Amino acid sequence: LSGKVLSYLAQGTGDLTVEMLKSIEKVFNRGPQFNKVVEFFWEAVEEFNKEEIKMLLKFITGVTRIPKISEHGNNFHINIMKMNCKNPDSQLPTAQSCFNKIALPMYSSKEVAKERILFAIKNCLTLEIL
């Protein structure tokens, strides 16, 4: 096996799309208000470039590729949860990459969501040692 084939089998493709991310989402705390925030989230992500989509996946999960689906199914999900906080439009989302979880404040618009999410994914520190 070549390195590329082995990498693909172990890690999946490096070409991420918003549809691929949507296909692995699990949303918690559903309800009319939070459903709107999740809608803002995906509308914002649809405007991301390919590098920003990879940065988002890494922010949430610690990886830049979606693992291949095995014969046992794919239990790799992005868990989207509501963050309870005062002044949500001034808050950044948080992530727990060990649990593939992103917590979103109750943003008031797609524009606010996009600005805060981009800031978080571009400026967060990782646990990697350089």
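In this text, all values refer to a predicted model and were calculated from it rather than measured experimentally.

Our focus in this paragraph is the overall build of the chain. Tallying secondary structure elements over the chain gives five helices and four strands in all. Going residue by residue from the N terminus, the α and β elements of the chain occur as α-α-β-α-α-β-β-β-α. Across the chain, every contact between residues at least 6 apart in sequence was considered, and the portion connecting residues at least 24 apart equals 61%.

Among the structural elements, T64 can be located in the loop between α4 (50–61) and β2 (78–82). The spacing of T64 and K54 is ten residues in sequence and 5.2 Å in space, taken between C-alpha atoms.

Our focus in this paragraph is helix α5 (residues 110–123). Between its terminal C-alpha atoms α5 stretches 20 Å, which fits the 20 Å expected from 14 residues at 1.5 Å a residue. Those residues of α5 lying buried are K110, V112, A113, I117, L118, A120 and I121. Residues of α5 that are buried make contact with α3 (32–45), α4 and β4 (101–104).

Turning next to the pairing of β4. Across four bridges, the pairing between β2 and β4 is parallel. Looking across to β4, one finds that I80 is bridged to I102. Pairing geometry for strand β3 (residues 94–96) and β4, over three bridges, is antiparallel. Within β4, the position partnered with Q96 by the bridge is K101. In textbook terms, the turn of a hairpin is the stretch between consecutive antiparallel strands, and for β3 and β4 this stretch comprises four residues, one of which, N100, has a positive phi near 55°.

Taken in spatial order, the four strands make up an open sheet running β1-β2-β4-β3, and their pairing is mixed. Of all strands in the sheet, those bounded by a partner on one side alone are β1 (25–27) and β3. Sheet twist, expressed as the mean angle between neighbouring strand axes with direction ignored, is 25°.

Calculation criteria
- Residues numbered from 1 in each chain as written.
- Predicted model: local features only at pLDDT ≥ 70, side-chain atom pairs only at ≥ 80, totals over all residues.
- Heavy atoms only, no water.
- Helix = DSSP H or I, 4+ residues; strand = E, 2+ residues; numbered from the N terminus.
- Contact = heavy atoms within 4.5 Å.
- Expected span 1.5 Å × (residues − 1).
- Buried < 20%, exposed > 50% of the residue type's maximum accessible area, 1.4 Å probe, protein only.
- Pairing = 2+ DSSP bridges.
- Axes fitted to C-alpha atoms, helices over the stretch in contact; angles between N-to-C directions.

Such coordinate-based values are descriptive only and should not be taken to indicate function.
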